[in-house]
Amino acid sequence: MKIKYETERLIVREWEDKDYKDLFEYASNKEVTKFLVYKTYESVEEAKSRIASLKEKYKTENRYGDFAIELKDEKKVIGSISITFKTSKAGGIIELGWTLNPSYQGKGYMTECIKGMFKYIKLNKLAKRIIARCDTENTKSEAVMKRCGMTFEGIARKAGDVNFRSRCDLVNYSILDEEIEL
């Protein structure tokens, strides 16, 4: 198991074969996937295939990463967080994305996870600017961005595409390296 970082309650790490049941548990829920670009999983085989694909990317791809969020106490994967390197100019820009099992929402896990990712990015000097965006109707993700201290930058009209509707407006938030507290 390759750990990226830990927080008080979470381990953020590479996906493992054994995680497929936990991934399927939330990726098969239409309420979870409605704001995502990937379709709702209909079988555990889709979860196994996704994990196999990510494991291959870990070997060759260094501009993207999708990691499991494991709850330490339960040793259960409760969600995922992804980083995408958008540019190396201006000190680097990374975009974050995340998904959380609804059974674990409202407990501060995602805020804790994202703040941990901010620290990981800063300590490893991966970027000077971190961005996140979501459908304007995805109020839970926007609330997480606010709680994490990100700054609202505006709305990109008809810039996104999610499962429950195409051409959606996206809210855009960012945080700069110098705004991240260690």
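Look above for the structure.
Every chain's residues receive numbers from 1 upward, in the order its sequence appears when written. Reporting in this predicted model follows two pLDDT cut-offs: at least 70 for local features of residues, and 80 or more for side-chain atom pairs to be given and counted; totals over whole chains, interfaces and linings ignore these cut-offs and use all residues. The side-chain values count all of the structure's non-hydrogen atoms but skip hydrogen atoms and water molecules.

Draft legend 1. Layout of the packing of aromatic side chains. The rule is short: rings of Phe, Tyr and Trp, with Trp giving its six-membered ring, pair when the centres are within 6.5 Å, and they are stacked under 30 degrees, edge-to-face over 60, tilted in between. Across all of its chains, the model carries five aromatic pairs by this definition. Considering the side-chain rings of Tyr38 and Tyr41, the 5.5 Å spacing of their centres and the 45° angle between planes classify their relative orientation as tilted. For Tyr38, a relative accessible area of 25% puts it in the partly exposed group. The rule for a charge over a ring is simple: NZ of Lys or CZ of Arg within 6 Å of the ring centre, and within 35 degrees of the ring normal. Directly above the ring of Tyr20 sits Lys48, whose terminal nitrogen or CZ lies 4.6 Å from the centroid. Only protein chains enter the accessibility calculation, which uses a 1.4 Å probe; a residue whose area is less than 20% of its type maximum is buried, one above 50% is exposed, and one in between is partly exposed.

Draft legend 2. How the structure looks around helix α5 (residues 139-147). Ser141, Glu142, Val144 and Met145 are the residues of α5 that are buried. Along the axis of α5, the buried residues cluster in a sector spanning 155°; they form a single face. Among the exposed residues of α5, those oriented more than 90 degrees off its buried face are Thr139, Lys140 and Lys146. Residues are treated as being in contact if the distance between any of their heavy atoms lies within 4.5 Å. Every helix listed is a DSSP run of H or I at least four residues long, and every strand listed is a run of E at least two residues long, numbered separately from the N terminus. Residues of α5 that are buried make contact with β5 (93-100), α4 (109-123), β6 (129-135), β7 (151-162) and β8 (165-176). Taken from the residues just after α5, Gly149 is the one with a positive phi, measuring 85°. Note that the arc is defined by the directions from the helix axis to the C-beta atoms.

Draft legend 3. Main features of the layout of surface pockets. Estimates place the volume of the second largest pocket at around 200 Å³. Each cavity reported here is a set of points on a 1 Å grid over the protein atoms alone in which a 1.4 Å probe fits but cannot get out, each pocket an open set with protein on both sides within 12 Å along at least five of seven lines, and each lining residue one with an atom within 4 Å of a point. Residue lining of the second largest pocket: 14 residues in total, with Lys4, Glu61, Asn62, Tyr64 and Phe67 positioned closest to the centre. Of all elements in the fold, only α3 (44-60), β3 (64-71) and β4 (76-87) reach the threshold of two or more residues within the lining of the second largest pocket. Looking at the lining of the second largest pocket element by element, the count peaks at three residues for β3. Three residue categories are used. Nonpolar comprises Ala, Val, Leu, Ile, Met, Phe, Trp, Tyr, Cys and Pro, charged comprises Asp, Glu, Lys and Arg, and polar comprises the others, including Gly. Residues of the lining of the second largest pocket, tallied by class, amount to seven nonpolar, two polar and five charged. Grid points are joined across faces, edges and corners, and a volume is the space filled by probe spheres set on the points.

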